[in-house]
Each structure stands twice: as structure tokens, then as C-alpha cells.
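Listed here are the chains, written in short residue letters.
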Amino acid sequence: NVVVGKDCKIQATAIGTNVYIGDGCAIGKRVIVKDCCWIEAGTVLGDDTVVPPFSRVEGRPGQVVEELPSSAATDLQELAQQAYQEFLATNPTT
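Residues numbered from 1 in each chain as written. Predicted model: local features only at pLDDT ≥ 70, side-chain atom pairs only at ≥ 80, totals over all residues. Heavy atoms only, no water.

What follows covers unusual backbone geometry. Residue Pro61 follows Arg60 across a cis peptide bond; omega there is 10°. Mapped onto the secondary structure, Pro61 falls in the loop between strand S10 (55–59) and strand S11 (62–67). The phi dihedral of Asn18 is positive, around 55°, even though this residue is not glycine. Here Asn18 lies in the loop between strand S3 (14–15) and strand S4 (19–21). (Helix = DSSP H or I, 4+ residues; strand = E, 2+ residues; numbered from the N terminus.)

Attention now moves to the sheet that holds strand S5 (residues 26–27). As summarised here, the arrangement of the three strands in space is S2-S5-S8, forming an open sheet in which the pairing is parallel. Strand pairing shows two members of the sheet lacking a second neighbour, strand S2 (9–10) and strand S8 (44–45), which therefore form its edges. Relative to S5, S2 runs parallel, the two sharing two bridges. What sits directly across from Lys9, in S5, is Ala26. (Pairing = 2+ DSSP bridges.)

Across the sheet, three strands lie side by side as S3-S6-S9; this open sheet has parallel pairing. Each edge of the sheet is formed by a strand with only one pairing partner; in this case those strands are S3 and strand S9 (50–51). In this sheet, strand S6 (residues 32–33) lies alongside S3 in parallel orientation, the contact comprising two bridges. In the strand pairing of S6, Ile15 is matched with Val33.

What follows is the structure in C-alpha cells.
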């Protein structure tokens, strides 16, 4: 479950599960985002960055600003499911 915001540029090597990437983020080449991470809107992750699991990252360049609790896994999963339902509601199939 990964949520990617609008106007993002992503060249990452790997993005884990239960990850939220806010609007306008830039994620460089060979970046690895581990499981259960929140990347704040407008964050820039330079090439070869590794984001540890259960991290909240923000800034230009992006830095870990908070360690997320284990409950974040459930919260991020629910956020992804909600985003998917919103997508389906605005993009009906024919």
C-alpha cells in the first residue's frame, strides 16, 4: 500500500509497504524508502538516500524528523485504502 501525491517525481530503486509520499516530492535515483514511512509534501530525497522504516521525513534535502510508532503501519494502510476508494469514486470504469 503506497500513496503517491500529485506532481511527484520518483526515480527510487525501492519503496516499501505502507508508505505515504506527499504532493510535490522529488525522490532521486537509487533511493530506498523502507516500510511504514511518511514523506511530507515538497520533500526532496537526493540520490542514494535510504529512509529507515517507521520514519517521517521532510525538508530539502529530506531528513528524518520523527520516528513513527508501530501503530503507524495500520494508520498508513488505512490511509492507502481510503485514497484508493477516493480514486475509484472519481475514476469510474466504463
